[in-house]
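Letter by letter, the chains look like this.
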Amino acid sequence: MIETWVMKLAHIALICLVTATLSAQGLAPNTTYDPAVPTLEAVVGHAPGEEITTPDEIGRYLEALNRHAPDETRLVRYATSWEGRPLHYLIVGSKERIARLDEIREGLRALASGRADAASRTADLPVVVWLLHGVHGNEISSSDAALAEAYHLLAARNDADVDLIRRDALVIIDPMQNPDGRQRFVTTNLLGRAAEPDPEPQSAEHDEPWPGGRSNHYLFDMNRDYFALSQPETQGRVRVMLEWFPQVVVDLHEMGGNSTYYFAPPADPLNPLITPAQQKWFEAFGRANAAQFDRRGFPYFVREVYDSFYPGYGESWPIFHGAVGMTYEQASARGLAFRREDGTLLTYEMGVTQHFTAAITTAATAARNRERLLRDFHEYRQSAIALADNGTREYLIPPGDDPSRAARLARLLARQGIEVRRADEGFKAGDRSLPAGTFIVPLAQPAGRLVRNLLDPDVKMDEAFIREQERRRRERLPDQIYDVTAWSLPLIFDVEIVASERASSVRTSDLDPQADTGNGGAAAAQAPASLGFLLPWGSGAAGAVAEALKAGIRVHSADEGFTHSGRRFPAGTAFVRVAGNVDGAAGQLQEIARRHDAELVPIADTWTDDGISLGSGRVATLKSPRVLLAWDSPTSSLSAGWARYVLERRFGVRVTAMRTSTLQNFNMHEYDVLVLPSGSYSFNEDALRRLRDWIRGGGTLVTLAEASRWAARDRTNLLSTDTLLRDGTPERDQSEGASGSGNQGGAAKPDPAKPDPAKPFDYDEAITPERERPENLAGAMLRVRLDRTHWLTAGLDEEIQVVVEGSRVFAPLKLDAGRNVAVYQPVDRLVASGHVWEEARPLLSQRAYLMHQPMGRGHIVAFAEDPNYRAFAEATELLFANAVLLGPGH
Ligand SMILES: [Zn+2]
């Protein structure tokens, strides 16, 4: 009874507190609003911060504002999410500006050209401020702040800042970059809702079930996707940013509820291609925000946690097109109310208010500095053109062994505003002869710093920062590296790139960034094929064959190389015989190959000059694989999402995603392949036995990253190897307590031997932990050596670069257990790009990256790392596709 009363009292106190914070703050105190402008409450039924506005309601409110003020706004739908939801941006400006939008856009483009004669345009153009919200769907307050920003800019009267913004700026508000993720959050939050908002951080309404609302439909972190451009949401956004060329871009996020507010200047390390002028602006915007936050009594921090190094964030990608790009972070109520550790209450409304305040202050600061920002933007683009002075003038991308991959890289660059040309004829660069079809990327272009970021083999971190991280590592403190330290696209695509010191003078044509295919590799297929076709294996061929198999076309795969009509075809070449195949196979295949940029070589006979015959037992018959993918906890949602995306969308392979809880009791005999994304599984003994039986009966098990560690554990007993500890000894199950969490504690060491008086006490040794996992890598690129005689490596050469992160080291398989298809190179050749701790190198070198272990009639394919990393790891994605497409045929 007493308890009930106490709870009631606490509850009343809570309600008072919420009410107090609401009335004490308000979005913009003392502002007078035009009553004719529709409020959020009038349109959707709640005021800003009272409720978490749903994606549908956001769309409705934008339309209401646009309907009310068609001559002061423009509403543009720029993309559609995977789940079919619209993505919009709303332009807000004065009537005069909105009436001349096309002219303004043309002026901004001229400015972005960096041409000297465009400099005069700074006199009358508005400064473009792009406010991005909610790229992470569970970072909820920014989208409601966005709606408040739009209302405020349209409705505030006699407000000096708003008048200034309307006169000198064009504000582009993207209220919701990830509608699918937001909808997921809203649904689970509502489902867990108490009668009154429950501030308990662990309550159901705050605690999101797998996969959470952060990601989009394919579970991608879209704040890492800007240069990878794998998701339609990002593709649309990049396309429209290249129409407007904003000078200021802010990406508004949320962080943990116990924090305060973060804005620029960013933490170290800074990407070295960010200019001093941009850094000066970080400081200027930071100071202006700080002054406003002080005025309103909002705590904040700068220069901590959030760095500006990786060029694929929403804030950083625009930086390399010349914008002042900044991330803002608000402590998240992750619902309507959140009890912080210090006992205070964080409400949703407070989050909305603080984001709103930072966004409007930023727009006002930009408007106040309109001309200087435009001038600096023009100078940035102009100076980028002059950038090519340091030796390299052009990057050249020859078609190479897999023209589809080179073409894919070239298109990816062109789609993000980088000038790429294609040589119409062969030419020489230095003493190197390059064929027609070579792509040319000049460094002397307005986006030159983006070119350097994406194509240079390495972007260096500040040395002092690295030294500090080494010190922290020695002390066993967590490092401060926020994201991966390597992303070089030619390395990760394993596409050759030639740095040329001279601008080439060859005849070229422009590359159409929106075209499906780039290189027209299928051109050779014009000749009639009386007998069939050969498809040299590669990324394009893998996609084409997956689709052909789905269409019922019979395809074979040569496990060894051969020569036909004088041309050498490597192992992995696919062979399609027309006779006895489905009706119209030839025509259909030509169409499919064209779509995938796959080369199709017509043949009139099967005679091979050397190597294996096309009717050899070493030619496998492929089948359209029936693929199961483990879904839901305990899989890593990123790994599961990447795998699903790469199979379904990149290679067109049908996948059945199945919750791991269901999978445990599922009879898999109808399926050929099971993919276990990264995760620490806990299948019971019965499920494990059935899994082994299924493999022995012919199944292909593919394990990724942590799933491979799980498969190697003694009690799982699938993969016949061990993961290694920091000292190179096997990580065994007796340290069970340590293995799940990534924490290294381990079993207590027996008491040390009695002190030896002759030997002085070694303090450093005494404090060194026992049984530690290898040092954690933030994300770097390492070289692996491929076993070219194994079918898993079809379409790749002897050496590729792979993304490595975390702390997994696998002892190579013994000869009697299986084959190590990809092995890390020796120490002196190991690191291709990024930061790898000195002491971690010998541990990784010569250890296994990709293992193939036969088991009965089936087999296990185990990747030490995730081959589908952010869906930009082209070369390793092909290894993964090979496992799934070619595995069942072997
Ligand atoms: Zn975020």
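Parameters and conventions
- Residues numbered from 1 in each chain as written.
- Predicted model: local features only at pLDDT ≥ 70, side-chain atom pairs only at ≥ 80, totals over all residues.
- Heavy atoms only, no water.
- Helix = DSSP H or I, 4+ residues; strand = E, 2+ residues; numbered from the N terminus.
- Rg over C-alpha atoms; globule rule 2.2 N^0.38 Å.
- Buried < 20%, exposed > 50% of the residue type's maximum accessible area, 1.4 Å probe, protein only.
- Areas by Shrake-Rupley, 256 points an atom, 1.4 Å probe, with all protein chains shown as cover.
- Lys, Arg positive; Asp, Glu negative; His and termini not counted.
- Charge placed at Lys NZ, Arg CZ, Asp CG, Glu CD.
- Phe/Tyr/Trp six-rings, centres within 6.5 Å; stacked < 30°, edge-to-face > 60°.
- Lys NZ or Arg CZ within 6 Å of the ring centre and 35° of its normal.
- Axes fitted to C-alpha atoms, helices over the stretch in contact; angles between N-to-C directions.
- Parallel < 35°, antiparallel > 145°, perpendicular 65-115°, else oblique.
- Left-handed = near helix turned anticlockwise from the far one by under 90°.
- Contact = heavy atoms within 4.5 Å.
- Nonpolar A, V, L, I, M, F, W, Y, C, P; charged D, E, K, R; others polar.
- Pairing = 2+ DSSP bridges.

Colleague: Mind showing me how you'd approach the overall build of the chain here?
Modeller: Assigned secondary structure in the chain consists of 28 helices and 38 strands. Relative to the compact-globule value of 29 Å for 890 residues, the chain shows a C-alpha radius of gyration of 29 Å, a close match. In terms of overall dimensions, the chain has C-alpha extents of about 85 × 80 × 65 Å along its principal axes. Split into buried and exposed, the 890 residues of the chain put 61% on the buried side. Accessible surface, the chain: about 34,600 Å² in total, of which carbon and sulfur atoms supply 50%. A gap of 2 Å separates the mean positions of the 96 positive and 119 negative side-chain charges of the chain.

Colleague: What exactly am I supposed to notice about the packing of aromatic side chains here?
Modeller: What characterises a pair of aromatic rings is the spacing of the ring centres plus the angle enclosed by the ring planes. Under the definition given, this model contains 37 aromatic pairs. On the numbers, 6.3 Å between centres and 65 degrees between planes, the contact of Trp82 with Tyr645 is edge-to-face. Of the two residues, Trp82 is situated in the loop between β2 (73-80) and β3 (86-92) and Tyr645 in helix α20 (residues 637-650); the sequence distance between them amounts to 563 residues. Note on Trp82: relative accessible area 25%, which makes it partly exposed. For Tyr645, a relative accessible area of 8% translates into the label buried. Aromatic side chains Tyr869 and Phe872 sit 6.1 Å apart centroid to centroid with 65 degrees between the ring planes, which places their arrangement in the edge-to-face category. We note that Tyr869, like Phe872, is buried. Among the aromatic side chains, those forming a connected cluster through ring pairs are Phe227, Phe309, Tyr310, Tyr313, Trp487, Trp642, Tyr869 and Phe872. When the ring centre of Trp631 is taken as reference, the NZ or CZ atom of Arg644 above it lies at 4.7 Å.

Colleague: Could you clarify how one ought to interpret the packing of helix α18 (residues 539-550) against helix α28 (residues 874-886) in this entry?
Modeller: Any two packed helices are characterised by how steeply their axes cross, that is the angle between the axes, and by the distance between the axes. Taken N-terminus to C-terminus, the directions of α18 and α28 make an angle of 30 degrees; their axes are 10 Å apart at the nearest point. On the basis of the axis angle, α18 is roughly parallel to α28. Our pair here, α18 against α28, has a crossing hand that is left-handed. Touching Ser539, Ala542, Ala546 and Leu549 of α18 are Glu874, Leu878 and Leu885, all from α28. Broken down by class, the residue content of the contact of α18 with α28 amounts to five nonpolar, one polar and one charged.

Colleague: What's the story with the sheet that holds strand β18 (residues 439-442) in this structure? I'm lost.
Modeller: Backbone hydrogen bonds are what pair the strands of a sheet, in a parallel or an antiparallel way. Strand order in the open sheet formed by five strands is β19-β14-β18-β15-β20, and the pairing between neighbours is antiparallel. Of all strands in the sheet, those with a lone pairing partner are β19 (498-500) and β20 (508-510), marking the two edges. For this sheet the average axis-to-axis angle between neighbouring strands, irrespective of direction, equals 30 degrees. Sheet topology places strand β15 (residues 421-423) next to β20; three bridges connect them, and they run antiparallel. Each bridged residue has a counterpart across the sheet, and for Arg422 the counterpart in β20 is Ser509.

Colleague: I'm lost on the sheet that holds strand β4 (residues 127-133) in this one. Help?
Modeller: Pairing is mixed across the open sheet formed by seven strands, whose spatial order is β2-β3-β6-β4-β7-β11-β8. Since the sheet does not close on itself, it has two edges, and those belong to β2 and β8 (261-262), each with one partner. Relative to strand β11 (residues 324-331), β8 is paired through two bridges, and the arrangement is antiparallel. Opposite Tyr261, over in β11, you have Gln330 as the bridge partner. Sheet contacts for helix α3 (residues 55-68): β2 and β3; angle to β2, the most-contacted strand, approximately 150 degrees. Along the sheet, helix α10 (residues 276-296) contacts β7 (248-255), β8 and β11; its crossing angle with β11, the most-contacted strand, is approximately 30 degrees.

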